[in-house]
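Observations on the model geometry
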Amino acid sequence: MGAISIRNVVKRYGHGPKANQVIHGVSADISDGEFIVIVGPSGCGKSTLLRMVAGLEEISEGEISIAGRVVNDVEPADRDIAMVFQNYALYPHMSVYDNMAYGLKIAKVPKAEIEARVNKAAAILELAPYLQRTPRQLSGGQRQRVAMGRAIVRQPSAFLFDEPLSNLDAKLRAQTRLEIQKLHRELGVTSLFVTHDQVEAMTLAQRMIVMNAGRMEQIGTPEQVYGKPASSFVASFIGSPPMNLLQGHADGLRFHVGAGGAALNLPLPVAAPRTGELVLGLRPEHTAIDPQGSWPLQVETVEMLGAERLVHGRLGGAQFTLRIDATLVPPRVGETVHMTAAPDRLHWFDAANGQRVGD
């Protein structure tokens, strides 16, 4: 069983009043066999959290358990985890086979079992033809698969991935994501995967943890996080292009954008959850150009992205992005087009703390 429990975990560097706290009371329960992605911008604490699970960083407060055992004071080698790093960390003078087998040899696993484990992992990762090659004879994607193979042969309770795809080009990243998904289906081992790439997070995660400034903003399935973001930060971070966020004043069926900006009629039967200062969120795909629409968008630029176009402009003085199908005739730069918004796709956030309001 490889369940992971993180309870009120805090990380500080230094001591006393000048201590720098970088993780602020994170808690999460990860089920046995679950694939969790920790996502957030650079410096948000996601890799620090992963390294505390691995035992590479000390825990200042709180508790971490793996497979039912508290591991706060357990050495990394004794936590029954395997870690895959961004830089592969392969021995350049060893063959692929020896790189994958090295940890097992150190652990004095019988030779026949080592061979069986390495050959099985090589078959899963399609590395069998390359077992006698050295890392310099492999592509970046193949090296990353060797690093994953080295983790697989350990047969750990949990896999920890620290931005393993960052060094790959876009095509290899997409291909390796598919390989990781397939690997998880076959092995069913609990996995924690850290990335700053929200596309990776959305495509890989069974559930995702969104981090911001050392705090967990939200945990949920990709559908939950995308469809019902818990804060304006999550709304702006998850999604490409990000959600439009309009600051203003709500009053029943009207929303006044900014200070002295245009008043937007909310699509019936929607009303603002309360009167006062709020942030109105709307994803670019949940609006449409409609001559009968009441929201005027002054077009500034149009981007062609293959099957779709992004129309960027000003709505009531605020920046706004609209996504349209590439088969539609695009609006001209400088033109004012009218839009309608899907009434069940409006999101409301508190203007002061950014937390979701109304549902």
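Up top is the structure.
Residues numbered from 1 in each chain as written. Predicted model: local features only at pLDDT ≥ 70, side-chain atom pairs only at ≥ 80, totals over all residues. Heavy atoms only, no water.

1. Let's talk about the overall build of the chain
Counted only if it meets this: Only DSSP runs of H or I covering at least 4 residues are called helices, and only runs of E covering at least 2 are called strands; the numbering of each starts at the N terminus. In what follows, residue pairs with any heavy atoms lying within 4.5 Å of each other are defined as contacts. Residues scored as positive are Lys and Arg, those scored as negative are Asp and Glu, and His as well as the terminal groups of each chain are ignored. A charged residue contributes its charge at one atom only: NZ of Lys, CZ of Arg, CG of Asp or CD of Glu.
A count of helical and extended segments in the chain gives eight helices and 20 strands. Here the C-alpha coordinates of the chain stretch approximately 75 × 50 × 35 Å along the principal axes. Restricting the contact set of the chain to residue pairs at least 6 apart, pairs at least 24 apart contribute 64%. In the chain, 36 positive and 36 negative side-chain charges are present, and the distance between their average locations comes to 5 Å.

2. Regarding the sheet that holds strand 1 (residues 4-13)
Condition: Here a strand pair is declared whenever DSSP counts at least two bridges between the two strands.
In space, the four strands of this open sheet follow the order 2-1-4-5, with antiparallel pairing throughout. Edge positions in the sheet fall to strand 2 (20-30) and strand 5 (69-70), since each of these pairs with one other strand and no more. Relative to strand 5, strand 4 (residues 61-66) runs antiparallel, the two sharing two bridges. Paired with I66 across the bridge in strand 5 is R69.

3. Concerning helix 2 (residues 96-106)
Rules: Burial status follows relative accessibility: with a 1.4 Å probe on protein chains alone, a residue under 20% of its type maximum counts as buried, one over 50% as exposed, and anything between as partly exposed.
Residues V96, Y97, N99, M100, A101 and L104 constitute the buried set of helix 2. Directly beyond the C-terminal end of helix 2, a positive phi value near 60° is found at K108.

4. Details of the nonpolar core
We count it as follows: As used in this record, nonpolar core signifies buried Ala, Val, Leu, Ile, Met, Phe, Trp, Tyr and Cys residues forming a set joined through side-chain atoms within 4.5 Å.
Grouped together as the largest cluster of nonpolar side chains are 47 residues, with contacts concentrated most on V37, V39, M100, V118, F193 and I238. With 28 residues, the next largest nonpolar core counts I4, L49, L50 and I209 among its residues.

5. Let's talk about the packing of helix 2 against helix 4 (residues 140-152)
Operational definition: Here an axis means a line fitted to C-alpha atoms, over the contact stretch when the element is a helix, while the angle between two N-to-C directions is reported on a 0 to 180 degree scale. Small angles under 35 degrees read as roughly parallel and large ones over 145 as roughly antiparallel, with 65 to 115 read as roughly perpendicular and the rest as oblique. If you view the pair so one helix is near and one far, a crossing is left-handed when the near helix is turned anticlockwise from the far one by less than a right angle, and right-handed when it is turned clockwise. By the convention adopted, Pro, Cys, Tyr, Trp, Phe, Met, Ile, Leu, Val and Ala count as nonpolar, Lys, Arg, Asp and Glu as charged, and the other residues, Gly among them, as polar.
Between helix 2 and helix 4, the shortest axis-to-axis distance is 8 Å and the interhelical angle comes to 30°. Comparing the axis directions of helix 2 and helix 4 gives the class roughly parallel. Note on packing geometry: the crossing formed by helix 2 with helix 4 is right-handed. The residues of helix 4 that touch helix 2, namely those facing V96, N99 and M100, are V146, G149 and R150. Of the residues contributing to the contact of helix 2 with helix 4, the split by class is three nonpolar, two polar and one charged.

6. Things to note about the side chain of R283
Test applied: Definition used for salt bridges: Asp or Glu carboxyl oxygen within 4 Å of a side-chain nitrogen of Lys or Arg. Any N or O atom pair separated by 3.5 Å or less is treated as a polar contact, with the protein-specific requirement of one donor-capable and one acceptor-capable atom, and with residues adjacent in sequence counted only for side-chain atom pairs.
With respect to the secondary-structure elements, R283 resides in the loop between strand 14 (276-282) and strand 15 (287-289). Look at R283: it is buried, it has no salt bridge, and the nearest opposite charge is E285 at 4.9 Å. A distance of 3.0 Å separates a polar side-chain atom of R283 from the backbone oxygen of I238. The residues contacting R283, other than those within four sequence positions of it, are Y226, P229, A235, I238, G239, M243 and N244.

7. Observations regarding unusual backbone geometry
The peptide bond linking S240 to P241 adopts the cis configuration, its omega dihedral lying at 0°. Relative to the helices and strands, P241 resides in the loop between helix 8 (232-237) and strand 11 (244-251). Despite not being glycine, N8 shows a phi value in the positive range, around 50°. Its location among the elements puts N8 in strand 1. You will see that K108, though not glycine, has its phi angle at about 60°, which is positive. For K108, the position within the fold is in the loop between helix 2 and helix 3 (111-124).

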